[in-house]
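# Structural characterization, general
Each chain, letter by letter, is given below.
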Amino acid sequence: AKLKGEGLLVSNDISYSRARALLKNLELTGAANIAVVSEDPEKLAEVWPEFFDKILVDAPCSGFGIIRRKPEIRYKSYEDVNQLPEIQYQILSNASKYLKNTGSLVYSTCTLEKKENIEIVDKFLENNKEFHLEEEPKELYPHIDNTDGFFIAKFKKDINKSV
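Residues numbered from 1 in each chain as written. Predicted model: local features only at pLDDT ≥ 70, side-chain atom pairs only at ≥ 80, totals over all residues. Heavy atoms only, no water.

### With respect to the overall build of the protein chain
The helix and strand inventory of the protein chain stands at five helices and seven strands. At 17 Å, the protein chain has a C-alpha radius of gyration in line with the 15 Å of a compact globule built from 163 residues. Counting only C-alpha atoms and orienting by the principal axes, one finds that the protein chain spans roughly 45 × 40 × 30 Å. Going through the 163 residues of the protein chain one by one, you find that 32% of them count as buried. Sequence separation of 24 or more characterises 73% of the internal contacts of the protein chain that already satisfy a separation of 6 or more. Per element, the accessible surface of the protein chain, about 10,500 Å² overall, is 53% carbon and sulfur. Looking at charge distribution, the protein chain has the averaged site of its 23 positive side-chain charges lying 5 Å from that of its 27 negative ones. (Helix = DSSP H or I, 4+ residues; strand = E, 2+ residues; numbered from the N terminus. Rg over C-alpha atoms; globule rule 2.2 N^0.38 Å. Buried < 20%, exposed > 50% of the residue type's maximum accessible area, 1.4 Å probe, protein only. Contact = heavy atoms within 4.5 Å. Areas by Shrake-Rupley, 256 points an atom, 1.4 Å probe, with all protein chains shown as cover. Lys, Arg positive; Asp, Glu negative; His and termini not counted. Charge placed at Lys NZ, Arg CZ, Asp CG, Glu CD.)

### Examining helix H4 (residues 118-127)
Because each turn of an α-helix spans 3.6 residues, side chains separated by three or four positions in sequence point in the same direction. Here H4 has its buried residues at Ile 120, Val 121, Phe 124 and Leu 125. Within H4, the buried residues cover an arc of 130 degrees as seen down the axis, which keeps them to one side. Buried residues in H4 make contact with helix H3 (78-96), strand E4 (99-109), strand E5 (131-133) and strand E7 (150-157). (Arc of directions from axis to C-beta.)

### Some thoughts on the pattern of salt bridges
Throughout the structure, instances matching the rule amount to eleven salt bridges. Here Lys 157 makes a salt bridge to Glu 50, at a shortest N to O gap of 3.7 Å. Separated by 107 residues along the polypeptide, Lys 157 in strand E7 and Glu 50 in the loop between helix H2 (41-47) and strand E3 (52-58) bring together distant segments of the chain. By relative accessible area, Lys 157 is classed as buried at 5%. For the salt bridge of Lys 114 with Glu 139, the shortest nitrogen-to-oxygen distance reads 3.0 Å. Here Lys 114 is found in the loop between E4 and H4, whereas its partner Glu 139 is found in strand E6 (residues 138-140), with 25 residues between them in sequence. One salt-bridge network, held together by shared partners, links Arg 68, Arg 69 and Asp 148. (Salt bridge = Lys/Arg side-chain N within 4 Å of Asp/Glu carboxyl O.)

### Topic: the environment of Pro 60
Secondary-structure assignment places Pro 60 in the loop between E3 and H3. Sequence spacing of Pro 60 and Ser 108 is 48 residues, and the spatial spacing of their C-alpha atoms is 9.1 Å. Beyond its immediate stretch of four places on either side in the chain, Pro 60 contacts Leu 84, Ile 87, Gln 88 and Ile 91.

### Re H3
The terminal C-alpha atoms of H3, which comprises 19 residues, lie 28 Å apart, in line with the 27 Å expected from a rise of 1.5 Å per residue. Where H3 bends most, the angle comes to about 35 degrees, and this point is Leu 84, followed within four residues by the proline Pro 85. All of the buried residues along H3 are Val 81, Leu 84, Pro 85, Gln 88, Tyr 89, Leu 92, Ser 93, Asn 94, Ala 95 and Ser 96. Summarising the contacts, the buried residues of H3 are in contact with H2, E3, E4, H4, E5 and E7. (Expected span 1.5 Å × (residues − 1). Bend = angle between axes of the 7 residues up to and from the residue.)

By themselves, these observations are geometric and do not establish any function.
Structure, rendered in structure tokens:
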């Protein structure tokens, strides 16, 4: 609705079933100017290099921030959770390839684990000098913010400010 008939919203999920479910929901709402794909992100980077003004990376995470609504999360395997930071970093790095200069990139998780959040942000900034944080990352806490636990970081790309 916010596109108001202009622009293009693209959603990519490597899970075909999730992408298909999203597409069905969007069709029910009558949404327009939207493309839903299920593709290897590296292939998309070749098709759409520096194409987007804004990107949201809703990274797969441990989900510990939503444990009160989904208590089964506590039974995730240590091995699976331990692999997440590398996956998250790869997704964030890959997504940055699609962003135009002066574009905004949001990295978000539903966990409060430092290794899945601020440590990913720090590593990304260290390795991508053309990016900086637009504002301090936000952490939302259930007992303070009356919401699930979330982490949100917003980056700005500016190749003229890279070191």
